[in-house]
Amino acid sequence: MILKSLSLLNYKNFDSKSFVFSDKINCIVGNNGIGKTNVLDAIYHLSFGKSYFNPIATQNIRHDENFFVINGEYNKHEKTEKVIVSLKRGQKKVIKRNGKAYDKFSEHIGFLPLVIISPADRDLIIEGSSTRRKFIDSVISQSDKSYLSYLIKYSKVLEQRNALLKYFALNHTFNKDTLDIYNNQLTEFGTYIFEKRERFLKTFIPIFKSRYKAISDNSEDVNLVYHSDLFDDHLTTLLENALNKDKALQYTSVGIHKDDLHFNIDGHPIKKFGSQGQQKSFLIALKLAQFDFIKNQSGVNPILLLDDIFDKLDERRVAQIIKLVDDENFGQLFITDTHAERTENVVKQVHQSYEVFRL
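Fair warning: this is a prediction, and the values are worked out from it, not measured in the lab. (Residues numbered from 1 in each chain as written. Predicted model: local features only at pLDDT ≥ 70, side-chain atom pairs only at ≥ 80, totals over all residues. Heavy atoms only, no water.)

## Topic: the packing of aromatic side chains
Note on aromatic pairs: each is described by the distance of the centres and the angle between the planes.
Part 1 of the argument: Summed over the entire model, instances satisfying the criterion amount to 20 aromatic pairs.
Part 2 of the argument: Seen from their ring centres, tyrosine 11 and phenylalanine 68 are 5.3 Å apart, and the 75° between their planes marks the pair as edge-to-face. One end of the pair, tyrosine 11, is in strand 1 (residues 2-11); the other, phenylalanine 68, is in strand 4 (residues 67-76), with 57 residues separating them in the sequence. For the pair tyrosine 11 and phenylalanine 68, one class covers both residues: buried.
Part 3 of the argument: Here phenylalanine 194 and phenylalanine 231 contribute two aromatic rings whose centre-to-centre distance is 5.0 Å and whose plane-to-plane angle is 80°, an arrangement assigned as edge-to-face. Placement of the pair is phenylalanine 194 in helix 5 (residues 176-215) and phenylalanine 231 in the loop between strand 9 (222-227) and helix 6 (235-241), with a sequence separation of 37 residues.
Part 4 of the argument: Residue phenylalanine 194 is classed as buried on the basis of its relative accessible area of 8%. (Phe/Tyr/Trp six-rings, centres within 6.5 Å; stacked < 30°, edge-to-face > 60°. Helix = DSSP H or I, 4+ residues; strand = E, 2+ residues; numbered from the N terminus. Buried < 20%, exposed > 50% of the residue type's maximum accessible area, 1.4 Å probe, protein only.)

## Here we look at the sheet that holds strand 3 (residues 25-29)
Part 1 of the argument: Judged by pairing direction, the sheet is parallel, and its five strands sit side by side in the order 8-12-13-3-14 without closing on themselves. Every interior strand has two partners, whereas the edge strands, strand 8 (114-117) and strand 14 (354-358), have only one. Strand-to-strand twist across the sheet, computed as the mean angle between neighbouring axes with direction ignored, equals 15°.
Part 2 of the argument: Sheet topology places strand 3 next to strand 14; five bridges connect them, and they run parallel. When the sheet's bridge partners are listed, asparagine 26 is paired in strand 14 with glutamate 355.
Part 3 of the argument: On the sheet, helix 1 (residues 36-48) packs against strand 3, strand 8, strand 12 (303-306) and strand 13 (333-337) and is oriented at approximately 150° with respect to strand 13. (Pairing = 2+ DSSP bridges. Axes fitted to C-alpha atoms, helices over the stretch in contact; angles between N-to-C directions. Contact = heavy atoms within 4.5 Å.)

## Remarks on the packing of helix 3 (residues 129-141) against helix 9 (residues 276-298)
Part 1 of the argument: Running from N to C, helix 3 and helix 9 point in directions that differ by 25°, and their axes come no closer than 9 Å. Here helix 3 lies roughly parallel to helix 9, going by the angle between them. Read as a crossing pair, helix 3 and helix 9 show a hand that is right-handed. Contact residues: helix 3 offers Phe135, Ser138 and Val139, while helix 9 offers Leu286, Lys287, Gln290, Phe293 and Ile294.
Part 2 of the argument: Residues belonging to the contact of helix 3 with helix 9 are distributed by class as follows: five nonpolar, two polar and one charged. (Parallel < 35°, antiparallel > 145°, perpendicular 65-115°, else oblique. Left-handed = near helix turned anticlockwise from the far one by under 90°. Nonpolar A, V, L, I, M, F, W, Y, C, P; charged D, E, K, R; others polar.)

## Description of the packing of helix 5 against helix 9
Part 1 of the argument: Two elements in contact, helix 5 and helix 9, have axes separated by 8 Å at closest approach and are oriented at 130°. One way to sum up the angle between helix 5 and helix 9 is to call them oblique. You can see that helix 5 and helix 9 cross each other, and the crossing is right-handed. When helix 5 is examined against helix 9, the residues Phe200, Thr203, Phe204, Ile207, Phe208, Arg211, Tyr212 and Ile215 are found in contact with a partner set consisting of Gln278, Ser281, Phe282, Ile284, Ala285, Leu286, Leu288, Ala289, Gln290, Asp292 and Phe293.
Part 2 of the argument: Its residues assigned to classes, the contact of helix 5 with helix 9 comprises 13 nonpolar, four polar and two charged.

## Side note on unusual backbone geometry
Part 1 of the argument: Unusually for a residue other than glycine, aspartate 64 sits at a positive phi of about 70°.
Part 2 of the argument: Positionally, aspartate 64 belongs in the loop between helix 1 and strand 4.
Part 3 of the argument: Residue classification places aspartate 64 among the exposed positions, given a relative accessible area of 81%.
Part 4 of the argument: Despite not being glycine, aspartate 266 has its phi angle at roughly 50°, a positive value.
Part 5 of the argument: Along the polypeptide, aspartate 266 turns up in the loop between strand 10 (260-265) and strand 11 (268-269).

This is the structure:
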C-alpha cells in the first residue's frame, strides 16, 4: 500500500499544501515549528480519522478558518483509493472513501494500516494504564473488526452502569435486576476482550523481544507483562464482590477497563530503571513489533511514520533502523528531521528511491 499524494487545506499551520510522494522513502525536513510533524499527523488522520497528537478535533483547524480538509490518494492492491477527512466548525467530522461517507468511523479503521514512531510515544512509559490499553487496542483493532466492535459495546455499557450507580447514590435507591443486566453485558464483552488481549500478547511479545535485540547493542532482558482483574476471577464474580465499593465510588472499579501492560527491563520497570536510550529503543521495538504484527495479520505493509527519529538516538542507531526497512521490504516510509544533510546521509546508505521535501 502506497500513499501517492497528499493535499492539505486549512490543516493546522498549513493554508494550502500538496505533496507527491516516493513509493519508498520520504524525508520531510525543516526548522522546528515549521510543520513537519503536522504532515505526518495528516497522514495519520487519513488512517484513523483523528490526530495522533491533538485529540480536540477543532484545534486541528487553522487559526481564523472555519474548516479543514485532508485529501489522500493511495494505491492499494493495484487499485486507486481516495480518502478525505474533513471537519467544519459546529459540525461532525466526515470521512469519505472514494466519494462515499462512512456511517461509522470504526468501519474505516484498518483499511489504511499505519504505524507511527514519535517522541510522544514516551507517554506509553510515563503515563497511566489507559495509554497502554489504547496501544494494545489500536494494534488489535487494525486487523480485527469484531474486537473493535466489542470494545465500543463494552465502553457504552460501562458508561451506562456508571450512570446507574450515580443514579442510585443520588436517589438513595437500588435495583439489583437492572444492575445485573449491565453486569451480564460487561461480562460477555469484557471476557471476549480479555481473551483476545491475552492471545494477542502471546504472539506479540516474542516479536517485540526479537525487535529489541535487533536494534539494541545491549543484552538486557526486556518484557511486557499483562495485568488484568480477570486473571483473578470471572468478571461476574468480580463485579458482585466489588458492589459495595462501586456504590460508594459511584463507578465500576473492576473490569478490563482497568487492565495494564507493564514495561520491564531486567525484571524492573523501565520507567524507573531504564536509561533514556534504553527507553527509546524499547519504544521503537514496540512499534516495529506493531508493524510486524499488523503486516502478518493483514497481508499489507503498513505505512511507517518516523517523527523526529534522531531524538535521543545517534546516527548509527538510526541507520540500523533504516537498514531494517531496506532489508525487510517494509514498504513506504516517512521521516521528519531538522537536518536535511543528516537525513540524506543516512537514507543514501540504503538502496531505495527517496524524496526530500524541504518545508
